[in-house]
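Coordinate analysis (summary)
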Amino acid sequence: MIGFYDYTVVLTYLSMLSATTGIMLCLNDIGHPYLGMFFLMFCGLCDAFDGKVARTKKNRTEQMKKFGIQIDSLSDLVAFGVLPACIGIAMLRSSIEFSIFPDFRFLHLADKSTIIKIILTMIAVLYALAAMIRLAYFNVLEEERQKADKKGEVLKTYIGLPVTSAALVFPTILLVHIFSKADLTLLYFVFLAVVGFLFVSRIQVKKPTMKGILIMIVVGAVEAAALAFVFIVMRRQ
């Protein structure tokens, strides 16, 4: 078989499988954006460690390194570009109806006009496009970045917002959405537009240290636990 299958690529493969599963859930029937969010957060967890795991293998060939770079970028496009967009589309098709929390059920949304749905769909598509542009742009610059690393000049800042930030930004909105009685679907798309713009902007974002990564993982774990608690424990069957 073509490709590589050692332990250095396992997390990237798992991220891709998770993202694809999340997309299918979001687009199935009326859509399940809240379940799709679990898969988005798992993708973020895999991405936090895939590079570090890959660098533990000292005898990687140049071909293996380049392969790892390519699949990481492609997986990120699906996980943090396409999946958040599909979650937004699923929110256009279904939401949560509250009576007295935690008694809630899914319902179809038919109150939004066709024009609004078209505009929001365009925002979702442009968000995915922005993620692709960012990832492709930094793939082009990867050779220069590797040379900088060899000289010990490790980059301390990102230009623009990393696509992996989607794994924390959008679950937060969904969590607020669940615990409030307001329909935050439009707010989700506002964040899609803003985050998509930040992907291709030239703002300086400090690269997180290991401590920062661990803090983000803890925050993500808390969000995942809160979502799981609502849907597994508190929902009435």
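Everything numeric in this text was worked out from a predicted model, so none of it was measured. (Residues numbered from 1 in each chain as written. Predicted model: local features only at pLDDT ≥ 70, side-chain atom pairs only at ≥ 80, totals over all residues. Heavy atoms only, no water.)

**Focus: the overall build of the protein chain**
Secondary structure summary: the protein chain contains 8 helices and 4 strands in total. Ordered by position in the sequence, the α and β elements of the protein chain form the string α-α-α-β-β-α-α-β-α-α-β-α. Within the protein chain, buried positions represent 40% of all 237 residues. Counting only contacts in the protein chain whose residues sit at least 6 apart along the sequence, the fraction spanning at least 24 positions is 83%. (Helix = DSSP H or I, 4+ residues; strand = E, 2+ residues; numbered from the N terminus. Buried < 20%, exposed > 50% of the residue type's maximum accessible area, 1.4 Å probe, protein only. Contact = heavy atoms within 4.5 Å.)

**Regarding the state of the cysteines**
According to the stated counting rule, one finds 0 disulfides in the structure shown. Here Cys43 stays unpaired: no disulfide links it, and the sulfur of Cys46, its closest cysteine neighbor, is 6.5 Å away. (Disulfide = S-S within 2.5 Å.)

**Things to note about a nonpolar patch on the surface**
Together, Tyr7, Val10, Leu14, Leu17, Phe42 and Leu45 give the surface a local cluster of nonpolar side chains, amounting to about 520 Å² of exposed area. Elements supplying a minimum of two residues to the nonpolar patch: helix 1 (10-27) and helix 2 (33-54). For the nonpolar patch, the element with the highest residue contribution is helix 1, accounting for 3 residues. (Patch = residues over 30% accessible without salt bridge, like charges linked within 9 Å, V, L, I, M, F, W, Y side chains within 5 Å. Areas by Shrake-Rupley, 256 points an atom, 1.4 Å probe, with all protein chains shown as cover. Salt bridge = Lys/Arg side-chain N within 4 Å of Asp/Glu carboxyl O.)

**A closer look at the nonpolar core**
Core analysis: the largest hydrophobic core is formed by 40 residues, its most contacted members being Met37, Phe80, Ile87, Tyr127, Phe170, Tyr188 and Phe199. Residue contributions to this core peak at 10 residues, all from helix 3 (residues 62-93). When residues no more than four places from it in sequence are discounted, the contact partners of Ile87 are Cys26, Pro33, Gly36, Met37, Leu40, Leu174 and Tyr188. (Core = buried A, V, L, I, M, F, W, Y, C linked by side-chain atoms within 4.5 Å.)

**Looking at the environment of Gly22**
Within the fold, Gly22 resides in helix 1. Once residues lying within four places of it in the same chain are set aside, the contact partners of Gly22 are Gly36, Phe39 and Leu83.

**Points about the side chain of Asp47**
You can see Asp47 is positioned in helix 2. Sequence-distant contacts of Asp47, defined by excluding residues within four places in its chain, comprise Asp72, Asp76, Phe80 and Thr164.

**A closer look at the packing of aromatic side chains**
Evaluation of the coordinates by the stated rule reveals 7 aromatic pairs. Note on Tyr127 and Phe199: the rings are 5.4 Å apart at their centroids and 45° apart in plane angle, and the pair reads as tilted. Of this pair, Tyr127 sits in helix 4 (residues 114-140) while Phe199 sits in helix 7 (residues 185-200), and the two are 72 residues apart along the sequence. When sorted by exposure, Tyr127 lands in the same class as Phe199, which is buried. Three or more aromatic residues joined by ring pairs make a cluster, and in this case those are Tyr127, Phe170, Tyr188, Phe189 and Phe199. (Phe/Tyr/Trp six-rings, centres within 6.5 Å; stacked < 30°, edge-to-face > 60°.)

**Let's talk about helix 4**
Here helix 4 spans 39 Å end to end across 27 residues, near enough to the 39 Å set by a 1.5 Å rise per residue. Within the span of helix 4, buried status applies to Leu120, Ala124, Tyr127, Ala128, Ala130, Ala131, Arg134, Leu135 and Phe138. (Expected span 1.5 Å × (residues − 1).)

**Some thoughts on the confidence of the model for the protein chain**
When pLDDT is low, close inspection of the predicted coordinates is not appropriate. The pLDDT averaged across the protein chain works out to 83; a share of 82% of its residues lies at or above 70. The model gives residues 98-102 a pLDDT under 50, and that stretch makes 13 contacts with residues more than four places away or in other chains. (pLDDT = per-residue confidence, 0-100.)

**As for the side chain of Ser18**
Here Ser18 lies in helix 1. Residue classification places Ser18 among the buried residues on the basis of a relative accessible area of 5%. Apart from the residues lying within four places of it in its own chain, the contact partners of Ser18 are Phe39, Phe42 and Cys43.

**Points about the environment of Leu83**
Note that Leu83 resides in helix 3. As a C-alpha pair, Leu83 and Leu40 span 43 residues in sequence and 7.1 Å in three-dimensional space.

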